[in-house]
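# Topology and contacts: notes
Here are the chains, one letter per residue:
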Amino acid sequence: MRKDTEEPTLSSKGHAFGWAALALTCAGWLVALIFGDGFELHRSALAMPFVVLGAFCGLIESWRCGRTIWMPAMLAGGLALLYFSFRSLGAPVWDLGRYDLHLVSLAWLTMATLASCGCVRGRGTFLLIILMVSFVAQFATGLYQQFVDPSFVFLRLPRSTAAGVSGLFWHWNNLGAYLAIVLPIFLGVALTSRQRAFGLLMVVLVVSGVVLAYLSKSRAGFAAVVIGLGSVGALALITRSRSWSFGARLGSWSAVGFGMVLAIIMILAAASRVSADRGHGADLDQALGKSLRFALAGAAYDLWLKKPIFGNGSQSYRYQLVENWDAEVMPPWVGNPETVHNEYLQALTDYGLIGFLLIIVFFAVILGRYVVGGSFKGEEDRSRWREGLGLGAIGGVLGVLAQAVFDFQLHLLPIVLLLAIAVGLLVQSKHRAGIPARISHLLSVVLAAILAITAVGRESLAGMEWLRWEMATVEEGGKLPVSELPRFKELLEASPHYEAALSYGRMHYTAFLQDPSRRELLEEAGWALAIAYERNPQDPATIITHALILDLKEEYAEAEPVHLQALKMAHRRENKYGAMAGMSRHLLLKGEALRMKRNPEEALGNFLMAKEYLLTSYARGYKFGGYQNFLKTKRLLETRINMLQIAGIQSKVPRDVPVPQNIR
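Along the backbone of the chain there are 26 helices and zero strands. By residue count, 56% of the 664 residues in the chain fall in the buried class. When contacts within the chain are restricted to residue pairs at least 6 apart in sequence, those whose partners lie at least 24 apart make up 75%. Counting only carbon and sulfur atoms, one obtains 64% of the accessible surface of the chain, whose full area is about 28100 Å².

A few words on unusual backbone geometry. Positive phi, normally seen in glycine, also occurs at Glu-554, with a value near 65°. Structurally, Glu-554 is set in the loop between α21 (540–552) and α22 (556–570). Positive phi outside glycine occurs at Arg-598, with the angle close to 60°. Structurally, the position occupied by Arg-598 is in the loop between α24 (579–596) and α25 (600–619).

So, on to a nonpolar patch on the surface. Together, Trp-63, Ile-435, Ile-439, Leu-442 and Leu-443 make up a nonpolar patch on the protein surface, roughly 440 Å² of accessible area in all. Ranked by residues supplied to the nonpolar patch, first place goes to helix α17 (residues 435–475) with four residues. Relative to the helices and strands, Trp-63 is located in helix α3 (residues 48–65). Taking relative accessible area as the criterion, Trp-63 reaches 38% and is therefore assigned partly exposed.

Considering all chains together, one arrives at zero disulfides under this definition. Cys-117 supplies the cysteine sulfur nearest to Cys-57, a cysteine that is in no disulfide, at a spacing of 8.4 Å. Of the cysteine sulfurs around Cys-65, a residue in no disulfide, the closest is that of Cys-117, at 7.0 Å. Since its relative accessible area comes to 1%, Cys-65 is described here as buried.

So, about the nonpolar core. Grouped together as the largest cluster of nonpolar side chains are 106 residues, with contacts concentrated most on Leu-109, Tyr-178 and Phe-186. A per-element tally of this core places helix α7 (residues 172–192) first, with 13 residues. Excluding residues within four positions of it along the chain, Leu-109 makes contact with Val-51, Val-52, Ala-55, Val-445, Ala-448, Ala-449 and Ala-452.

So, about the confidence of the model for the chain. In this model, the chain carries a mean pLDDT of 85, and residues with pLDDT of at least 70 account for 87%. Between the elements of the chain, mean pLDDT differs from a low of 48, seen in helix α11 (residues 284–287), to a high of 95, seen in helix α16 (residues 413–424). Segment residues 1–14 is flagged for pLDDT under 50; beyond a separation of four residues in sequence, or across chains, it makes 21 contacts in the model. Across residues 375–382 the pLDDT falls below 50, and counting only partners more than four positions away or on other chains, this stretch makes 17 contacts in the model.

Counted at 1.5 Å a residue, the expected span for α3 with its 18 residues is 26 Å, and the 26 Å between its end C-alpha atoms agrees. Downstream of α3 by a residue or two, Gly-66 has a phi angle that is positive, lying close to 85°.

Here the focus is the packing of helix α1 (residues 16–35) against α16. Two elements in contact, α1 and α16, have axes separated by 8 Å at closest approach and are oriented at 150°. By the angle between their axes, α1 is roughly antiparallel relative to α16. Considering only the axes of α1 and α16, their crossing is left-handed. For the pair α1 and α16, the contacting residues are Gly-28, Trp-29, Ala-32 and Leu-33 in the first and Leu-413, Pro-414, Leu-417, Leu-418 and Ile-421 in the second.

Here we come to the side chain of Thr-616. Relative to the helices and strands, Thr-616 is located in helix α25. Judged by relative accessible area, which is 12%, Thr-616 ranks as buried. Setting aside chain neighbours within four positions, we find Thr-616 in contact with Met-580, Pro-660 and Gln-661.

In total, this model carries 24 aromatic pairs according to the counting rule given. Taken together, a centroid distance of 5.3 Å and an interplanar angle of 70° make the contact between Phe-362 and Phe-363 edge-to-face. Note on Phe-363: relative accessible area 13%, which makes it buried. Summarising the aromatic geometry, the rings of Phe-488 and Tyr-504 are spaced 5.3 Å apart at their centres and angled 85° between planes, so their arrangement reads as edge-to-face. Here Phe-488 is found in helix α18 (residues 485–494), whereas its partner Tyr-504 is found in helix α19 (residues 498–514), with 16 residues between them in sequence. Each member of the pair, Phe-488 together with Tyr-504, is buried. Of note, Arg-438 hangs over the ring of Trp-63, and the distance from its end group to the ring centre comes to 5.4 Å. Between the NZ or CZ atom of Arg-573 and the centre of the ring of Trp-325, over which it lies, the distance is 3.8 Å.

The full count for this structure, using the stated rule, is 20 salt bridges. The salt bridge partner of Arg-518 is Glu-520, with a shortest N-O separation of 2.9 Å. Residue class for Glu-520 comes out partly exposed when judged on its relative accessible area of 42%. Each of Asp-95, Arg-98, Glu-459 and Arg-535 takes part in salt bridges that share partners, so that together they form one network.

In this fold, Gln-409 is placed in the loop between α15 (384–403) and α16. Along the chain, Gln-409 and Gly-176 lie 233 residues apart, while their C-alpha atoms are 9.3 Å from each other. Residues in contact with Gln-409, not counting those within four places in the same chain, are Asn-173, Asn-174, Ala-177, Glu-343, Gln-403 and Ile-415. Within polar-contact distance, the side chain of Gln-409 engages the side chain of Asp-407 at 3.5 Å.

What follows covers the environment of Gly-578. Relative to the assigned elements, Gly-578 resides in the loop between α23 (574–577) and α24. With relative accessibility at 3%, the residue Gly-578 sits in the buried group. Linking Gly-578 and Ser-617, residues 39 residues apart in sequence, is a C-alpha distance of 6.9 Å.

On to the environment of His-431. Position of His-431 among the secondary structure elements: in the loop between α16 and α17. As for His-431 and Gly-66, which are separated by 365 residues in sequence, their C-alpha atoms are 7.9 Å apart.

Parameters and conventions
- Residues numbered from 1 in each chain as written.
- Predicted model: local features only at pLDDT ≥ 70, side-chain atom pairs only at ≥ 80, totals over all residues.
- Heavy atoms only, no water.
- Helix = DSSP H or I, 4+ residues; strand = E, 2+ residues; numbered from the N terminus.
- Buried < 20%, exposed > 50% of the residue type's maximum accessible area, 1.4 Å probe, protein only.
- Contact = heavy atoms within 4.5 Å.
- Areas by Shrake-Rupley, 256 points an atom, 1.4 Å probe, with all protein chains shown as cover.
- Patch = residues over 30% accessible without salt bridge, like charges linked within 9 Å, V, L, I, M, F, W, Y side chains within 5 Å.
- Salt bridge = Lys/Arg side-chain N within 4 Å of Asp/Glu carboxyl O.
- Disulfide = S-S within 2.5 Å.
- Core = buried A, V, L, I, M, F, W, Y, C linked by side-chain atoms within 4.5 Å.
- pLDDT = per-residue confidence, 0-100.
- Expected span 1.5 Å × (residues − 1).
- Axes fitted to C-alpha atoms, helices over the stretch in contact; angles between N-to-C directions.
- Parallel < 35°, antiparallel > 145°, perpendicular 65-115°, else oblique.
- Left-handed = near helix turned anticlockwise from the far one by under 90°.
- Phe/Tyr/Trp six-rings, centres within 6.5 Å; stacked < 30°, edge-to-face > 60°.
- Lys NZ or Arg CZ within 6 Å of the ring centre and 35° of its normal.
- Polar contact = N/O pair within 3.5 Å; in protein donor to acceptor, adjacent residues only side chain to side chain.

Here it is as structure tokens:
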């Protein structure tokens, strides 16, 4: 009679669903790799159908052969899945929450599929081939960028910098994170392969990848690669030394310690050199990115203290940082940081101590399984090939977790899916799972699939149309042809993400300012900005532009609370957003309307307050489109004020608008 704990017999027949699951999941990752390496939700959503279909095929394979997620990982990861999903669904800004939701759900589906379908020898070889092909494409593209065209990028606008190669990605840090996972897997296979030629090929790929990591000029990426590869070597040495004599074990541990010191020296030297190559200086502070990253981390820590248990909400850092900006701490050249550049502090800020601990516990469970157990054991796990994949996956996980201290790569779908592939190789149950484990596995996959479809279903349906539209824009050098505007509106109606609505609205707003006789442009701008504001009332650019358009539509009563919200949100970054300048413009237009309605007292009060906001805004660094525009507005206000004061009018200051000097 067959025992429940017996390893299932896996023949070469009857595994169509397993192969389909792995192929679809790999296809989803490749789609994300090629199209979705940024924050654009409609691009990364293209991968969702492949990953979801692959997960359902994997469910059939899981139920048939009994392979599931290892139960401790299921418990730890399942709690994290539920918590992060619940917090994302209840995010203050849904368009930001569903971005996190699609990362979490698709990562879980990928991990579950690899756990049930990725550890059989033939399929593992297929996965390794996919990784090798993707690496060759990255390496060839990187060489092309290094020696031929530094601005080249695949299916995107040309890169704005030639500081380092990025491969198929748009940014070099993305390439560094990719290499930090892939190269340790190659090294793990090389160290355990019985075929000397194949092992040598893996070593060649690893060396090539290290060179590519250096060419990327990604300091955190290069450090992650060294840490990942060093972890593979150290774990391989420690694992094999367990059967050695005490002296031999002591020697192996000494070698590991020496290797760690050498790795630290390599990382610091390379970071210093790369920093100098990028024109940032070669001192240690600059090599570590201290001037900016420490400031961002400090702001994140302060925000976490506001709500330490549950956090401030999904991706709340990107808008709460603006509201709490400290100009004395932040370097003056900083643009608009959307992340902390430290995934652990990001988790604390957005999801609180609970979210942070759930992440730590999950990775501690899966890493501890290998470190404590030594290696995978079981009928198929006896092969050195299986040991190599597991060893490499451990190194890849450690590498990317190290990079997460200095970067935000776990907010990008292709890196998250690649990490999930590595984790999936580590969390497969060693024996045939029982019915409770299989039911838990099934329920988690069904839940994650529903969440993934909920998060990006509309973007997936319109994804290819979005891509065609973007390619037409790329062909025009980044300038949207007027003929494409109707299609842009159709896409916006199909998947109304706030950033798309903001872009569409600002295009029409700018066109209207150039030709004020075309009121239809203002109406289109107002329609789009109303959508953007409804979907994200926390984005400073959206708030201010929406308020300015309401002013131009002479809807002053509706505009004023929006301007007040903009002041509250963005007054600390006046030089970037111009919230005070917007309030000045609002009060000027409102004063003109009151003057025409023969209400001179209130008109004078609005003009006086408008001048105060204008001068304060200029003093805080807002440029007004140039000094002449500032002078023109200032003279207009002074003319109106003098005219009313000469007539003996007493001002009636707006009660609901604070004096700019009182805004701190």
